[in-house]
Amino acid sequence: MNRSIATGLGIAAAVTLALAGCSSSPDTGTATTSSSAGVTAEPVTISLAGWSLATTPEFQTLADAFHAANPNVTVDLKEYDATNYDTQMIADLAAGSAPDLYVLKNLKNFFTYEDGGQLLDVSDVTSTLDSGTSGLDAYTVDGVSYAVPYRQDSWYLYYNKDLFDAAGIAYPDGSWTWDDYVSTAKELTTALAASGSPALGTYEHTWQSVVQGFALAQTSGADLLSGDFSYLKPYYDRAVALQDSGAQVTFGTATTNSLTYQAQFGTQQAAMMPMGSWYVATLLAQQVTGDANTFTWGIAPIPQLDSSTTGLDKTPVTFGDPTGIGINPAIDESKIDAAKAFLAFAGGEDAAKALAAIGITPAYASDVVTAAYFGLTGVPTDDLSKFAFSTHDTKPENPVSSSTAGIQNILSDAHTAIMSESQDVDSALSDAASRAANEVLNQ
Amino acid sequence: MATSTVTTLVGDLHPGSGRSRAPRSARRRIGRLVGYVALVIAAVGVLLPFFWMLMSSLKTNNEVFTIPVQWIPKTFVWQNYVEIWQKSDMTTWLKNTMILSVVVTFLQVFTGSFAAYGFSKVRFPGRDALFLAYIGTIAVPWQAYMIPQFILMSKLHLSNTLWAIIALQAFGAFGVFLMKQFYETVPEDLSEAARIDGLSEYGIWRRIILPLSVPAIASLTLLTIVNTWNDYLGPLIYLRSPELWTIQIGLKTFISQYNAEYALIMTGSVLSVLPIAIIFMLGQRYFVEGIATSGVKG
Amino acid sequence: MSSTLTARRPGSSFKRRNTLLGWSFILPNFVGFAIFTLIPVIWLFYIAFTDWNAFGKANWVGVANFTRLIGDSSFHVALKNTLYYAVFHIPLTLAISLALALLLNSKLKGVAFFRTAAFFPYVTSIVAIAVVWNMLFSPDTGPINQLLRALGVDNPPGWTTSADWSMPAVIVVGTWREMGYYMLLFLAGLQTIPRQLYEAARMDGANAWQRFRNVTVPSLRPTTFFITVMLTIGSFKVFDLILVMTNGGPGQSTLVLSQFIYTKGFMENQLGYASSSSIVLFLICISVTVVQFLVNKRRDA
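What follows concerns the overall build of chain B. Helix and strand counts for chain B come out as 15 helices and zero strands. Relative to its 298 residues, chain B shows a buried fraction of 49%.

Quick look at the overall build of chain A now. Looking only at helices and strands, chain A has 18 helices and 13 strands in total. Taken over C-alpha atoms, the radius of gyration comes to 24 Å for chain A, in line with the 22 Å a tight globule of 443 residues would show. Along the first, second and third principal axes, the C-alpha atoms of chain A reach 80 × 55 × 40 Å. In chain A, once contacts between residues fewer than 6 apart in sequence are set aside, the share between residues at least 24 apart is 76%.

Further remarks concern the interface of chain A and chain C. Contacts between the two partners involve 35 residues from chain A and, on the opposite side, 38 residues from chain C. Sorting the residues of the side of chain A that touches chain C by element identifies helix H1 (2-23), helix H3 (85-95), helix H10 (251-256), helix H17 (404-419) and helix H18 (425-441) of chain A as the ones contributing at least two each. Looking at the side of chain A that touches chain C residue by residue, the classes come out as nine nonpolar, 23 polar and three charged.

This part covers the sheet that holds strand E8 (residues 200-202) of chain A. Residues and elements named next belong to chain A. If you walk across this open sheet you meet the four strands as E8-E9-E7-E10, and the pairing is mixed. Both edges of this open sheet fall to E8 and strand E10 (297-300), since each of them pairs with a single strand only. Taking each pair of neighbouring strands and ignoring which way they run, the sheet shows an average axis angle of 25°. The pairing of E8 with strand E9 (residues 270-276) spans two bridges and is classified as parallel.

Another point: the sheet that holds strand E3 (residues 101-104) of chain A. Residues and elements named next belong to chain A. Spatially, five strands are ordered E2-E1-E3-E12-E6 in an open sheet, and the strand pairing comes out mixed. On the outer flanks of this sheet lie strand E2 (73-80) and strand E6 (148-152), each paired with one strand and no other. With strand direction ignored, the average angle separating the axes of adjacent strands in the sheet is 25°. Across the sheet, helix H2 (residues 58-69) is in contact with strand E1 (44-51), E2 and E6; its angle to E2 comes to roughly 170°. Sheet strands in contact with helix H13 (residues 336-346) are E1, E2, E3, E6 and strand E12 (322-327), and its direction is about 50° off that of E1.

What follows deals with the nonpolar core. With 303 residues, the main nonpolar core has Tyr 158 and Phe 342 of chain A together with Leu 100 of chain C as its most contacted residues. When sequence neighbours within four positions are dropped, the list of residues in contact with Leu 100 of chain C reads Ala 42 of chain B together with Ala 118, Met 179 and Met 183 of chain C.

To continue, consider the pairing of strand E7 (residues 155-160) of chain A. Residue and element names in this part refer to chain A. E7 sits mainly inside the fold: six of its six residues count as buried. Both faces of E7 are covered, namely the face carrying Trp 155, Leu 157 and Tyr 159 and the face carrying Tyr 156, Tyr 158 and Asn 160. Across five bridges, E7 lies against E9 in antiparallel orientation. Its bridge partner lying in E9, Tyr 159 is registered against Met 272. Examined bridge by bridge, E7 and E10 share four bridges and lie antiparallel to one another.

We now examine the domain arrangement of chain A. Interface size is commonly expressed as the accessible area that is lost once the parts come together. Residues and elements named next belong to chain A. When its domains are assigned, chain A resolves into domain 1 (35-153 + 321-365) and domain 2 (155-317 + 397-441). Between domain 1 and domain 2, the C-alpha centre-to-centre distance is 30 Å. Residue-level contacts link 15 residues of domain 1 with 14 residues of domain 2. In terms of residue count, helix H4 (residues 110-115) provides more of the side of domain 1 that touches domain 2 than any other element does, three residues in total.

Once that is clear, we can look at unusual backbone geometry. The peptide bond linking Gly 249 of chain C to Pro 250 of chain C adopts the cis configuration, its omega dihedral lying at -5°. Within the secondary structure, Pro 250 of chain C sits in the loop between helix H11 (240-245) and helix H12 (257-267). Of note, Gln 268 of chain A is a non-glycine position whose phi angle comes to about 60°, a positive value. Take Gln 268 of chain A: it is sitting in the loop between helix H11 (261-266) and E9. Given 20 C-beta atoms within a 10 Å radius, Gln 268 of chain A is considered buried. The backbone phi angle of Trp 159 of chain C is positive, close to 50°, even though this residue is not glycine.

All right, on to the interface of chain C and chain B then. Taken together, the 89 residues of chain C in the interface contact 93 residues of chain B. The biggest single contributor to the side of chain C that touches chain B is helix H1 (residues 12-47) of chain C, with 19 residues. Per-class residue counts for the side of chain C that touches chain B are 58 nonpolar, 25 polar and six charged.

Time to look at the environment of Thr 105 of chain B. Residue and element names in this part refer to chain B. Its place among the elements puts Thr 105 in helix H5 (residues 90-121). Between the C-alpha atom of Thr 105 and that of Tyr 117, which follows or precedes it by twelve residues, the distance is 18 Å. The residues touching Thr 105, leaving out its near neighbours within four places in the chain, are Thr 221, Thr 224 and Ile 225.

Further remarks concern the confidence of the model for chain A. A residue-level look at chain A finds 91% of positions with pLDDT of 70 or above and a mean pLDDT of 87. A low-confidence stretch, residues 1-38 of chain A stays under pLDDT 50, and its non-local contacts, those more than four residues away or across chains, total 38 contacts.

Turning our eyes to something else, we now look at the packing of helix H3 (residues 73-104) of chain C against helix H7 (residues 166-191) of chain C. Each pair of packed helices can be described by the angle between their axes along with the distance between the axes. Residue and element names in this part refer to chain C. Between H3 and H7, whose axes approach to 7 Å, the crossing angle comes to 40°. Regarding the angle of H3 to H7, the classification is oblique. As H3 runs across H7, the sense of the crossing is right-handed.

When you line up the elements, Asp 313 of chain A lands in the loop between E10 and strand E11 (317-319). C-alpha separation for the pair Asp 313 of chain A and Pro 303 of chain A, spaced ten residues apart in sequence, amounts to 15 Å.

The next thing to look at is the environment of Ala 95 of chain A. Within the element layout of this structure, Ala 95 of chain A appears in helix H3. In the structure, Ala 95 of chain A is positioned 80 residues away from Ser 175 of chain A in sequence and 52 Å away in space, judged by C-alpha atoms.

Looking now at the packing of H5 of chain B against helix H12 (residues 214-230) of chain B. Residues and elements named next belong to chain B. Direction vectors running N to C along H5 and H12 enclose 140°, while the axes themselves pass 9 Å from each other. Relative to H12, H5 is oriented oblique. Seen along the crossing, H5 lies across H12 with a hand that is right-handed. Within the contact between the two elements, H5 uses Thr 97, Leu 100, Ser 101, Val 104, Thr 105, Gln 108, Val 109, Gly 112 and Ser 113 and H12 uses Ile 217, Leu 220, Thr 221, Thr 224, Ile 225, Thr 228 and Trp 229. For the contact of H5 with H12, a count of residues per class yields seven nonpolar, nine polar and no charged.

What follows deals with the confidence of the model for chain B. Residue and element names in this part refer to chain B. When pLDDT is averaged along chain B, the result is 77; 83% of the residues meet or exceed 70. By mean pLDDT, helix H1 (residues 2-13) is the weakest element of chain B at 39, and helix H8 (residues 162-170) is the strongest at 90. Predicted confidence is poor over residues 290-298, with pLDDT under 50, and the contacts of this stretch with residues over four places away or in other chains come to twelve contacts. Model confidence for the complex: the whole-complex pTM is 0.83, and ipTM, which rates the interface, is 0.83.

Here is what the cut-offs are and how they apply
Residues numbered from 1 in each chain as written. Chains lettered and ligands numbered in written order. Predicted model: local features only at pLDDT ≥ 70, side-chain atom pairs only at ≥ 80, totals over all residues. Helix = DSSP H or I, 4+ residues; strand = E, 2+ residues; numbered from the N terminus. Buried ≥ 20, exposed ≤ 12 C-beta atoms within 10 Å, placed from the backbone. Rg over C-alpha atoms; globule rule 2.2 N^0.38 Å. Contact = placed C-beta atoms within 7 Å. Nonpolar A, V, L, I, M, F, W, Y, C, P; charged D, E, K, R; others polar. Pairing = 2+ DSSP bridges. Axes fitted to C-alpha atoms, helices over the stretch in contact; angles between N-to-C directions. Core = buried A, V, L, I, M, F, W, Y, C linked by C-beta atoms within 7 Å. Domains from an automatic or database assignment. pLDDT = per-residue confidence, 0-100. Parallel < 35°, antiparallel > 145°, perpendicular 65-115°, else oblique. Left-handed = near helix turned anticlockwise from the far one by under 90°.

The following block contains the structure:
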């Protein structure tokens, strides 16, 4: 008797869940054609997912700017956790409780959303955008666009002019290769120690992208998805040599003492730091609140692999992923027009100006945008900084594919093994290659 | 070390042998001394990390991670404790965590001990298999069935409410397992006697078994409170609105927002330990000692 | 096992009465348990045979996930590391928490303070613990290695930054964290042992060790069983501590099964594959538990 009750409950529940599972799979059909400029006259509210709303002003900026241009559309922000954004978003999409629009925080997981049918086709919006907008290609799969980029980060070389002066070494001038960078870091460390400063020549943060992003972008023919990681070797050799020489804090010390890149450069523990463009806004804010010291700094183009791309007459190669917004296919039919209008706005010049004014590097680039960015108080206005900001060939850190997430995880393990010096570069890379073949590429 | 100390102390604890020869009392004193030394060493080992945490919570940010390690701050920044209340939403987090702890604990203890009585004192077909199913779910890692559970909760419109966490934690197998094990130490003779006197099974549970299992209930209460207090993944998935956040979520968010402010992070961590530590310190006598002479007579 | 009513009239009505009775006790808990835990777990068993990715349809793939597990080198690493952790963590924690409980089950002065102190680690947020212990274990600047160098050890281990020493470091922190928890359970168990038993043994002339072996250990058996089962399952399932302390690294030296499941499920969105791995973890835990169950039952008889 009790057994059949339990069984009955179980069957009923399983059936309910199965039905629920079936009904939550959305259709990915293209929406009805609608002009991106036409927004209905009745008031509409659309919801947008963002993270750490208190300290990440870009979402509110976009929402407010759009509302100013389209008073009958209100954009409601929904807060997510910054570090676990994708976990929460996936759970919400699976349960059908995700907001109308959501940000694609990184390109690594874009494939998951696109392949899972969780993004509406927005090709009609992207076709109206400036074709030079960075990141459009990244969000296009098989000719169909699924998201609009509003932000494109790139990596520069930040440098502390005051520390360079104290060491008596010339600033970067845009002509550096990685060898120039390494030798300067070593010189800086020695000179700074001699002058009594505890600062080191450079600080490379513990992320895998600090080494691997550049290797992938700057090595011609390098392909993450090929499973051949030999292109990483010269970059890792340099990174390990740098920490062995003392010009850079060791990986072990950085991880166990939870060093943050903001504090390392901001409190002048290092004279140089390769870091993404988002750091400009953070550094400015911290210099105002006093969390960072007050000192003169600048940005330079990142060191290059060889002299073919160095110099102010060439275009330096760097890496960076776009950040975009997509539409949840479960959105109410009546709101699609408003949502698409928001997307068109986010990828356009007005949004770019608003974002540049708070220190974000927008995906849409133009002189107007550059002027808005450099009009911000505290941003270094020397020519080299302007060059670094406006002239770069930014390659994506994550190619869009089903294997990317798996391979990046394998490379992350290789990164910690190499940088902690638990394993030498060659064996770690060959282990990574065989793991990639065994676990990811042969599936 | 431990064994000889232990046996000496165990010998100590049950006095009444009547024969107190001089060597024995000397041995006893040495035993007690060794015991104290062992305790002090153990306490230092246990508390050292906390000492560092506490000291760091009173430092300025730059002093927290210095090379070499600085144990005592140069200046005591008591202001940190004020700042954390201002900068973060500690009050809301504490309130939510307390509500959850109390409700979950109450439900766990009540339904768990009730069910445990059924499992240990009543024989019916399928009982052992069902109990094994209970234990089985403990053996499955939660992140494995997190998504299906989330979908179910969302369909029941429980997601983004405190009820979601209550539903998840209040009916767990842990409480049932713990109480069942303790019930098995209670001899059947007591219940037999009560049954002969005409008490129903519910009466036996309420009047005989429940009072006897105070130590176990106290343990379960404490452990459930701690578990709910420390739960991070559950609130991460189910408590999205900032006004529903618990301490762990709040702290994590705080850390990621102010990641250079290590002193404040330590302050937050100390604050998150403090309520539980106080409850435990004040109540541990009741939690652990229970009713000393409530042992079975006869 | 406690004997139940045998002197009454046997027969189906008796059985039915007992069944109804049993279920009436269990029902409040069981309803919540079944809906919120049992059903998702059963659902999990189904997903393991599909290729579900959280959205859309789950296509049946039979045992393909399990076959893939067998050939997956990361899975082997995770399995090995999990066993490594369990084999050391379980006896260490059991011994230390029992010793602490015996030590603190006394009327020594300050026992209340020491009991609270032992329990502190369990109550602290895991994030704070990871930050603090990582700092303590820091190879160049941390106090532990400074102490080792002062004691004459030339090349102190790299702890969480070394592939060889990261697991021992994690085991130490895991034991440090949990010993207070299990000590409390042992304490509660010790408190239910009637004094009379010790009196009787003392009358019979038993010394301290004999009293421990013949009175304490048998009376503690249900508690010890409970603690061993929870400790075993907990050790096989260890996750948060490793995730925040080392994130499975350096390399894969501290990758355990739970993290493997988490990575496959949430980082790479292969929930079907992650579920099949969960089932393997479940089978390991349950077989060990069943063995412990049987051993316990045999001892009872």
